[in-house]
Every structure is written in C-alpha cells, then in structure tokens.
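Given next are the chains, with one letter for each unit.
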Amino acid sequence: MSHSRISGTGGYLPERVVTNAELETLVETSDRWIVERTGIAQRHVAAPDQICSDLAEAAALEALANAGIGADAIDLVLVATSTPDHVFPSTACRLIERLGIASGAIAFDLGAACSGFVYGLDVADRFIRTGGARRALVIGAEVFSRILDWSDRSTCVLFGDGAGAVVLEAGEAPGILSTHLHADGRQTPLLNVPWGVAQGYESLQGSHGKVSMRGNEVFRVAVRTLGALVDETLEANGLARGDVDWLVPHQANIRIMTATARKLGLSTDRMVSTVAEQGNTSAASIPLALHTAVSDGRIQRGDLLLLEAFGAGFTWGSALIRY
Ligand code: COA
C-alpha cells in the first residue's frame, strides 16, 4: 500500500463581489449584524452563465499547474458539490471532457453538503492507498447563489460561490494521516434544500429548491459536534492540544471556527480564515482556504494540518494531513 499526499492546490472565485452593504438593499439586515454574528463582510457570486463545472475547471487547472502535472495524468476525478450542472451526467464526468483527462479514468460526484470535500479526500485517499488510482483531482465546487432565497435574510447573507481543488498523488511518505467521517440523518429539518426528483416538477416554485435552515439550532449542534470530532482526531493520532500547526476549517461562521480552534489549543492566527471575504462556499470552502494559505506561504511543506467540516445531513468529518 502506498500513501497519498497533496501535490498541488487551486482555487477559483467568480468576479462579482456582493458586499454586506449591497445585501442591506435587498433584505432587512445590516453590515454590523452580519459581521458580528458571522464574520462575513462579502461573498463572490457566479455570473448568470457560470455553472458548477466552470468554477471547478478553473480551480482544477490551477491545482494541476501547481502540482506540475498535466490533466492526462489524472485517473480519478471527484467533485464534491450540492449544486452540480445536471442531475446526470456528473460534474466530474463533464470535467473529464473539459480538462482533457484520458477516457477510462474514474469520475463521480459526491454529496455530503459542506462536509463534501473532507469526504472526497477520504475516498480519494482510500483509492490511492489500495492501488485503485495514482493521481486524483479532488474538487469542491458550488454555485450556492442559485439555491438561495434572496428574500430570506437568515440564509442569503451566509453563502457564496467558488471552487477549490487539490491534486492527490501516491507517494512513499504519508500525507493524509487519518480521516474521520460521520453522518446522522435524523436532523434533516434543521438544514435542507427541499427539492429533488422526489418532489416532482409541479412543486418547483416559491421557496422550494432553496436553502432552509434553523441557524440557531444548527449552530449549537455544529459547535458540540466539531468539539467531539477534534477530540476523536487528536486521540486517534496520539496528539495533544496545541500539536497541530494549522486548523483549516469549513468556513461557516467565525464563531464556530474560533470555538474549534480553542478546543484544539490553537490561537486564531493558526486558523486559516477566508470567511470574511468569501462567506460559506459549502464544499468549496476548505480547499479554497487551504489554497489561500499555501499560496501566501503560511502553510509550509511538513506542517501538520487539521481540516474539519460540518454540514447538512448532518455530515461531519476531519482529515489530519502532513502537508
Ligand atoms: N440580519 C439581521 N437580523 C437577522 C438576520 C440578518 N441577516 N438573520 C436573522 N436575524 C434576526 C433573527 O430574525 C432574530 O431576530 P429575533 O430575535 O427578533 O427573532 C435574531 O436576528 C437572532 O437570530 P438567531 O438565528 O438566533 O441569530 P444567531 O446568533 O444564531 O445567528 C446565524 C444566526 C445563522 C448566523 C447562526 O445561527 C449560524 O451561523 N448558524 C450556523 C449556520 C451554519 O453554519 N450553517 C451551515 C452549516 S454548514
């Protein structure tokens, strides 16, 4: 069995920036409320003609360039998304064509909402360790702006669009040290998008197809669950609080993120935060944050990273990585 390591990262954010001030013109809210409760100052929103695979392709191209390999070397493509181009084919299959990946590669989408990227890393790591793939593209890509009710102030201020990607390659030294994934479907009413084939086309109107969330309750479960996840990850790896170099959290809310950093024994300057500039980009938020901190030189080769996410389902998961 070989190991897997991250050899390149990439990210893409749509050009259009929507500030809190602009949202003040849409719903009854204020910059102050949004910043104080969430840490978000702005978010990027895709152009009307941009879809999930556009964002994913741009992030993937940058990850490939940073890994120094061509798309034809990729044998597994995994896209974590809740906002795919189509019901089918998968966005991952569309990327095979768009990136020029050799026909015969493995490609599929993965749905685990905001935890999708960590789920994707786990799956790709297992493919690589068992010899099923040698070079994987793991992408988180979302156009959440399409599934937001822009008249609902309790959700529309929180999310943004974007994509992040990593190239995961087989190697001798362990890069992905451990992953821990969980799910519990019992609290679906707290966070969902009530839209899908099950609903039938006639119900596709009004707030159907839009994010519905009881934010306050989600908040409490997220903080508690991520605290337990941190304990689980440290214990499984024989680590103590303060041993991790960087926390790269899902960017849902600065208050959830700092609670997790505290639990890890890390000061906030050891936590990568993009939430102010990007909002919550769901499955894209972790690879975007990782790419940001790798690009600006904060995260260095050899650093110990803890990635963690919590999302609809509920799903939650962590990945401990020697970068
Ligand atoms: N602007 C102004 N006021 C707002 C508002 C907005 N955008 N959104 C909600 N409010 C109001 C509410 O109506 C409520 O008013 P009331 O007291 O008169 O009823 C008040 O603010 C407090 O609402 P509450 O939901 O209790 O606030 P909160 O402190 O829990 O913050 C969230 C709301 C959504 C920011 C927070 O709960 C959160 O981040 N939850 C987790 C969300 C999340 O992570 N989801 C994705 C998981 S991946």
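Residues numbered from 1 in each chain as written. Predicted model: local features only at pLDDT ≥ 70, side-chain atom pairs only at ≥ 80, totals over all residues. Heavy atoms only, no water.

## Quick look at the packing of aromatic side chains
Then comes step 1: Counted by the stated rule, this structure contains 4 aromatic pairs.
Then comes step 2: When the ring of F108 is compared with that of F127, the centres are 6.4 Å apart and the planes differ by 45 degrees; the resulting orientation is tilted. Of this pair, F108 sits in strand β5 (residues 106-110) while F127 sits in helix α5 (residues 116-129), placing them 19 residues apart in sequence.
Then comes step 3: For F108, a relative accessible area of 25% puts it in the partly exposed group. (Phe/Tyr/Trp six-rings, centres within 6.5 Å; stacked < 30°, edge-to-face > 60°. Helix = DSSP H or I, 4+ residues; strand = E, 2+ residues; numbered from the N terminus. Buried < 20%, exposed > 50% of the residue type's maximum accessible area, 1.4 Å probe, protein only.)

## Considerations on the nonpolar core
Then comes step 1: Judged by nonpolar contacts, the single largest core of 41 residues is most densely connected at V244, L264, F310 and F314.
Then comes step 2: Those elements giving two or more residues to this core turn out to be α7 (215-236), α8 (254-264), β12 (304-311) and β13 (315-322).
Then comes step 3: With 7 residues, the top contributor of residues to this core is α7.
Then comes step 4: In contact with L264, not counting residues within four places along its chain, are V230, L234, R241, G242, V244, L247 and L306.
Then comes step 5: Membership of the second largest hydrophobic core comes to 32 residues, among which are L78, L110, L121 and L168. (Core = buried A, V, L, I, M, F, W, Y, C linked by side-chain atoms within 4.5 Å. Contact = heavy atoms within 4.5 Å.)

## A look at the site of the ligand
Then comes step 1: Surveying the vicinity of the ligand reveals 23 residues, the closest of which are T29, R37, R153, N216 and N253.
Then comes step 2: Interatomic distance of 2.6 Å between a side-chain N/O atom of N216 and an oxygen atom of the ligand.
Then comes step 3: Here an oxygen atom of the ligand and a side-chain polar atom of N253 are 2.6 Å apart.
Then comes step 4: In the complex, 73% of the free accessible area of the ligand, which totals 950 Å², lies under the protein chains.
Then comes step 5: Every element with two or more residues in the shell around the ligand is listed here: α2 (31-38), α6 (153-156), α7, α8 and β12. (Near = heavy atom within 4 Å. Polar contact = N/O pair within 3.5 Å; in protein donor to acceptor, adjacent residues only side chain to side chain. Areas by Shrake-Rupley, 256 points an atom, 1.4 Å probe, with all protein chains shown as cover.)

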